[in-house]
Amino acid sequence: MKRLLLPALLSVLTAACSGEDPESRPVDDHVWKSQTDALEQARDIGNRADEESRRRERLLNEAGE
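Caption draft 1: Up close: the overall build of the chain. Looking only at helices and strands, the chain features two helices and zero strands. In the chain, which comprises 65 residues, the share counted as buried stands at 0%. Approximately 6500 Å² of the chain is accessible, and the part contributed by carbon and sulfur atoms is 58%.

Caption draft 2: Representation of a nonpolar patch on the surface within the structure. Taken together, the side chains of Leu6, Leu9, Leu10 and Leu13 make up a nonpolar region of the molecular surface, amounting to roughly 380 Å² of accessible area. Of note, Leu10 is situated in helix H1 (residues 2-17).

Caption draft 3: Representation of the pattern of salt bridges within the structure. Scanning the model with the defined rule gives three salt bridges in all. For Lys33, the salt bridge goes to Asp37, with nearest N and O atoms at 3.2 Å. Here the residue Lys33 and the residue Asp37 both occupy positions in helix H2 (residues 33-64), the gap between them amounting to four residues, near one helical turn. The class for Asp37 is partly exposed, based on a relative accessible area of 36%. Of the charged contacts, one joins Glu52 and Arg55 as a salt bridge, the two residues approaching to 2.6 Å between their closest N and O atoms. Here Arg55 and Glu52 lie together in helix H2, a separation of three residues that amounts to about one turn.

Conventions we followed
Residues numbered from 1 in each chain as written. Predicted model: local features only at pLDDT ≥ 70, side-chain atom pairs only at ≥ 80, totals over all residues. Heavy atoms only, no water. Helix = DSSP H or I, 4+ residues; strand = E, 2+ residues; numbered from the N terminus. Buried < 20%, exposed > 50% of the residue type's maximum accessible area, 1.4 Å probe, protein only. Areas by Shrake-Rupley, 256 points an atom, 1.4 Å probe, with all protein chains shown as cover. Patch = residues over 30% accessible without salt bridge, like charges linked within 9 Å, V, L, I, M, F, W, Y side chains within 5 Å. Salt bridge = Lys/Arg side-chain N within 4 Å of Asp/Glu carboxyl O.

So this is what it looks like as structure tokens:
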């Protein structure tokens, strides 16, 4: 019984300690992915708002002339 216990224990420990292969994960997948995606989305929205503001200002200037 003791002869089977040690190999079984070692195989369980080896399987538990072997982690996920880092090369199998996508490069852009990381712990803070949702936060960085939200930041990128907020930047895009800010850029669009800035463009719209400049467009409106230009239209108002053209209408005032």
